[in-house]
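Close look at the chain arrangement
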Amino acid sequence: MIGWLAGAPLTASLKADEPAFAVAVETIHQRGEAAVAGYQASQGIATGTVFSDLYFDVFEGSGMEMALARRDEALKVDLEAHFSTLIGAAMRGAPRAEVESHWRALEGRLHEVLPLVESREPSWRNWFGFR
């Protein structure tokens, strides 16, 4: 199964006509919002772990990271940097406003790249044999 987090498989919410990456982004959104809402600097490691799990279990586990890398390596690296910055801020117990700012930046980028990874159109990489 793809991506276990908080006992709920990511694939459980997939529908036959719904793209997996849209489900991944929605899962990240819902769980990230909950993590930010409950964030307390004194418990930052727990929140950082939630965001780390979202990266590994959902973003990477859904195949979205690899799909993005096939389309645009720089965008993949950018999203990884957003995740890393967010995880680091939470883990070190940064102020709530800082963690929330990093979360909003990450969430915005995820929604920006979603159409790219869901596109069935070939990218320049496909034309040159990179998949």
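Because the structure is predicted, anything quoted here is derived from the model rather than measured.

Moving on, we come to the nonpolar core. For soluble globular proteins, nonpolar side chains are generally found buried alongside one another. Residues Ile28, Phe51, Phe59, Met64, Phe83 and Leu110 are the most contacted members of the largest nonpolar core, which totals 30 residues. When contributions to this core are tallied by element, the ones reaching two or more residues are helix H1 (20-37), helix H2 (44-60), helix H3 (64-71), helix H4 (73-91) and helix H5 (96-118). When near neighbours in sequence (up to four residues on either side) are disregarded, Phe59 contacts Ile28, Leu54, Met64, Glu65, Leu68, Leu79, Phe83 and Leu110.

Let us look at H3. Extensive coverage of H3 is indicated by the burial of six of its eight residues. What H3 keeps buried is the set Met64, Glu65, Ala67, Leu68, Ala69 and Arg71.

Bringing the pattern of salt bridges into the picture now. Tallied over the entire structure, the rule returns eight salt bridges. One salt bridge connects Lys76 with Glu80, and the closest N-O pair in it is separated by 3.2 Å. Of this pair, Lys76 and Glu80 both sit in helix H4, four residues apart, roughly one helical turn. Through salt bridges with shared partners, a single ionic network connects Glu33, Glu100, Arg104 and Glu107.

The description of two packed helices rests on the angle between their axes and on the distance between the axes. Look at H1 against H5: their axes get within 10 Å of each other, and the N-to-C directions meet at 175°. Relative to H5, H1 is oriented roughly antiparallel. Taking contact as the criterion, the partners of Phe21, Ala22, Val25, Ile28, His29, Gly32, Glu33, Val36 and Ala37 in H1 are, on H5, Arg96, Glu100, Trp103, Arg104, Glu107, Leu110, His111, Leu114, Val117 and Glu118.

Relative to the helices and strands, Ala81 is located in helix H4. For the pair Ala81 and Leu106, spaced 25 residues apart in the sequence, the C-alpha separation amounts to 9.0 Å.

So, on to the packing of aromatic side chains. Per the counting criterion, the structure on display carries five aromatic pairs. On the basis of an interplanar angle of 85° and a centroid distance of 4.8 Å, the ring pair of Tyr55 and Phe56 is categorised as edge-to-face. Among the residues examined, Tyr55 registers a relative accessible area of 10% and is labelled buried. For the ring pair Tyr55 and Phe59, a centre distance of 5.7 Å and an interplane angle of 40° mean the geometry is tilted. Here Phe59 and Tyr55 lie together in helix H2, a separation of four residues that amounts to about one turn. Residue class for Phe59 comes out buried when judged on its relative accessible area of 0%. Taken together, the ring pairs connect Tyr55, Phe56, Phe59 and Phe83 into an aromatic cluster.

Cut-offs applied
- Residues numbered from 1 in each chain as written.
- Predicted model: local features only at pLDDT ≥ 70, side-chain atom pairs only at ≥ 80, totals over all residues.
- Heavy atoms only, no water.
- Core = buried A, V, L, I, M, F, W, Y, C linked by side-chain atoms within 4.5 Å.
- Buried < 20%, exposed > 50% of the residue type's maximum accessible area, 1.4 Å probe, protein only.
- Helix = DSSP H or I, 4+ residues; strand = E, 2+ residues; numbered from the N terminus.
- Contact = heavy atoms within 4.5 Å.
- Salt bridge = Lys/Arg side-chain N within 4 Å of Asp/Glu carboxyl O.
- Axes fitted to C-alpha atoms, helices over the stretch in contact; angles between N-to-C directions.
- Parallel < 35°, antiparallel > 145°, perpendicular 65-115°, else oblique.
- Phe/Tyr/Trp six-rings, centres within 6.5 Å; stacked < 30°, edge-to-face > 60°.

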